[in-house]
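Now for the letters of each chain:
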Amino acid sequence: MKNFRYSIYEAKSAYLLFSLSFFLGFLSADICTADNATLVTQQRQMLHTFVEIKAYGDNAGAAISAAFDEMERVNRLLNNYDNTSEISAINKNAGGASVNISPETVEALQAALKFSSLSGGALDITVGPLLRLWGFAQEIPSTKGAGPHAEEIKKARLYVDYRSLELQQAVSGGAGTARLVKKGMWIDAGSFSKGYCADRAIAVLKKQGIRSALVAAGGTICAIGRKTDGSKWKVAVRHPRKDDNFMTFVPLCDASISTSGDYERFYEKNGRRKGHIIDPRTGNPVERMQSVSVIAATGLESDLLSTTLFVLGPAEGSRLMDSLPGTSALLVSHDGKISMSEKWPEKVILY
Ligand code: ADP
Ligand code: MG
């Protein structure tokens, strides 16, 4: 499963990198100078995608390398397709003993459980059995014949319930234990692993003294500070149906943006698009959204919330954003209708 999702994400990332490079005023140079500061850009193929980090600062090169190493380390804890990860250990022990997990895994799972609860189960990281049933637990997603039968969906749903993930932590910020109560349950980290790894990269960059940087990992982009000219970073949000058009450009400063879309990992069945985000409450792939972008304080939150709102849809999703400080969303429904929550920072939509 080493290259799981890689080919699909390559297309998205190439686009993302272009959008970032575009705003930084160059296309492929590794180093350039602006406002007397040096901008260093490095890319690494990881997390089944391309990750790009841009940072200003004298020690930016070394800081970026350390940030990439940290992302790789944390991904080894979270990747449920890596047999040796902590998430895999929880999955393998489902129905059995609880598993010791590191502070990072605890932090990510705590956030996932919080938004699962706030969304009434629209987000549910124990959605694994349904992802497998719908053919998304493989490199090229597909199902045979007419797809899963209602009875099979009903049965798989018996193994999907975030409330059956027991999480314990003795001291805030410390290590802990986790246990899935039923054999056959399976956590999937797809809704948060890239966002959380990006946060860890941001933490390392800051520790190394970097005060202006961008980390782009798949559909998540996290920003430290502003550009050296004092302006906020600008990030392009692509149109879910027009590959080469940006819907809008949003300012970002010490915040993160994540986009979940139906345009990268999907297959067609009887003329209908089946995408990789499943509504755990029905057991079916969500068909009513094309894309959702969420801005939040951290990559972990924006990544989790973009998946959450994709399931909730515009009305409930916007309500959730309005109730959570520092969050906002831009949503495109299946019919192309665009909506935004009150605090979404850019009202101008170009396409
Ligand atoms: P990416 O950042 O890779 O584009 P998203 O943040 O949009 O992905 O999350 C989609 C992924 O989340 C799916 O590929 C799957 O692994 C997982 N997933 C699908 N449905 C749900 C759900 N209802 N709750 C939690 N995770 C989900
Ligand atoms: Mg997400």
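Presented here is a report on the structure given in the accompanying data block.

Basis of the calculations
Residues numbered from 1 in each chain as written. Chains lettered and ligands numbered in written order. Predicted model: local features only at pLDDT ≥ 70, side-chain atom pairs only at ≥ 80, totals over all residues. Heavy atoms only, no water. Donors = N, O, S within 2.8 Å, 3.2 Å for Na, K, Ca; no water. Helix = DSSP H or I, 4+ residues; strand = E, 2+ residues; numbered from the N terminus. Buried < 20%, exposed > 50% of the residue type's maximum accessible area, 1.4 Å probe, protein only. Axes fitted to C-alpha atoms, helices over the stretch in contact; angles between N-to-C directions. Parallel < 35°, antiparallel > 145°, perpendicular 65-115°, else oblique. Left-handed = near helix turned anticlockwise from the far one by under 90°. Contact = heavy atoms within 4.5 Å. Nonpolar A, V, L, I, M, F, W, Y, C, P; charged D, E, K, R; others polar. Lys, Arg positive; Asp, Glu negative; His and termini not counted. Salt bridge = Lys/Arg side-chain N within 4 Å of Asp/Glu carboxyl O. Expected span 1.5 Å × (residues − 1). Core = buried A, V, L, I, M, F, W, Y, C linked by side-chain atoms within 4.5 Å. Polar contact = N/O pair within 3.5 Å; in protein donor to acceptor, adjacent residues only side chain to side chain. Pairing = 2+ DSSP bridges.

**Notes on the coordination of the magnesium ion (ligand 2)**
Angles at a metal have ideal values that depend on geometry: 109.5 degrees with four tetrahedral donors, 90 or 180 degrees with six octahedral donors.
Step number 1: The magnesium ion (ligand 2) binds to the protein through Asp-303 (O), Asp-303 (OD) and Thr-307 (OG1), with metal-donor distances spanning 2.1 to 2.4 Å. Here the residue Asp-303 and the residue Thr-307 both occupy positions in helix α8 (residues 299–312), the gap between them amounting to four residues, near one helical turn. Across the pair, Thr-307 and Asp-303 agree in class, each one buried.

**Focus on the packing of helix α2 (residues 60–78) against helix α4 (residues 103–118)**
Step number 1: Here α2 crosses α4 at 65°, and the two axes come no closer than 10 Å. As summarised for this structure, α2 and α4 are arranged roughly perpendicular, according to the angle between their axes. By crossing handedness, the relation of α2 to α4 is classed as right-handed. Of the residues in α4, those touching α2 at Arg-73, Val-74, Leu-77 and Leu-78 are Glu-104, Thr-105 and Ala-108.
Step number 2: Residue composition of the contact of α2 with α4, grouped by class: four nonpolar, one polar and two charged.

**Some details on the side chain of Asp-303**
Step number 1: One buried charged residue, Asp-303, forms no salt bridge at all, with the nearest opposite charge on Lys-194 at 6.1 Å.
Step number 2: Setting aside chain neighbours within four positions, we find Asp-303 in contact with Ser-191, Phe-192, Ser-193, Lys-194, Gly-195, Thr-220 and Ser-258.

**Notes on α2**
Step number 1: Between its first and last C-alpha, α2 extends 27 Å over 19 residues, near the 27 Å set by a 1.5 Å rise per residue.
Step number 2: Turning to α2, its buried residues are Ala-60, Ala-63, Ile-64, Ala-67, Phe-68, Glu-70, Met-71, Val-74, Asn-75, Leu-77 and Leu-78.
Step number 3: On its buried side, α2 packs onto β2 (37–46), β3 (49–56), α3 (86–92), α4, α7 (193–207) and β7 (213–217).

**Topic: the nonpolar core**
Step number 1: Residues Ile-53, Met-71, Ile-90, Leu-109, Phe-192 and Leu-205 are the most contacted members of the largest nonpolar core, which totals 68 residues.
Step number 2: Here this core takes nine residues from α2, the largest share from any one element.
Step number 3: Setting aside its immediate chain neighbours within four residues, Ile-53 contacts Val-40, Thr-41, Gln-42, Ile-64, Ala-67, Phe-68, Met-71, Ala-201, Leu-205, Leu-214 and Val-215.
Step number 4: With 19 residues, the next largest nonpolar core counts Leu-214, Ala-223, Val-250 and Ile-295 among its residues.

**Here's the deal with the side chain of Asp-124**
Step number 1: Here Asp-124 is to be found in the loop between α4 and α5 (128–133).
Step number 2: Despite its burial, Asp-124 pairs with no opposite charge; the closest candidate is Arg-163, at 6.7 Å N-O.
Step number 3: Reaching out from Asp-124, the side chain makes a polar contact with the backbone nitrogen of Tyr-162 at a distance of 3.0 Å.
Step number 4: The residues touching Asp-124, leaving out its near neighbours within four places in the chain, are Ser-116, Val-160, Asp-161, Tyr-162 and Pro-280.

**Examining the sheet that holds strand β4 (residues 99–101)**
Step number 1: Pairing is antiparallel across the open sheet formed by three strands, whose spatial order is β4-β6-β5. The open sheet has two edge strands with one neighbour each: β4 and β5 (165–169). Taken over all neighbouring pairs, the strand axes of this sheet differ in orientation by 25° on average, direction set aside.
Step number 2: Of the pairings in the sheet, the one linking β4 to strand β6 (residues 176–180) comprises three bridges and is antiparallel in character. Note on β6: the bridge partner recorded for Asn-100 is Thr-177.
Step number 3: α4 contacts β4, β5 and β6 of the sheet and is inclined by roughly 130° relative to β5.

**Considerations on the pattern of salt bridges**
Step number 1: The tally for this structure, following the rule as stated, stands at 14 salt bridges.
Step number 2: Across the pair Arg-73 and Glu-104 runs a salt bridge, and its minimum N-O distance is 2.8 Å. You can see Arg-73 sitting in helix α2 and its partner Glu-104 sitting in helix α4, a full 31 residues away along the chain.
Step number 3: A relative accessible area of 31% places Arg-73 in the partly exposed class.
Step number 4: In this structure, Glu-287 engages Lys-274 in a salt bridge whose closest nitrogen and oxygen atoms are separated by 2.8 Å. Placement of Glu-287 in the loop between β15 (284–285) and β16 (289–296) and of Lys-274 in strand β13 (residues 272–275) is noted, with a sequence separation of 13 residues between them.

**Quick word on unusual backbone geometry**
Step number 1: One non-glycine residue, Leu-47, adopts positive backbone phi at about 55°.
Step number 2: Along the chain, Leu-47 falls in the loop between β2 and β3.
Step number 3: Leu-47 gets classed as buried once you look at its relative accessible area, which sits at 9%.
Step number 4: A positive phi angle is found at Asn-270, which is not glycine, with a value near 50°.
Step number 5: Among the secondary structure elements, Asn-270 is positioned in the loop between β12 (266–269) and β13.

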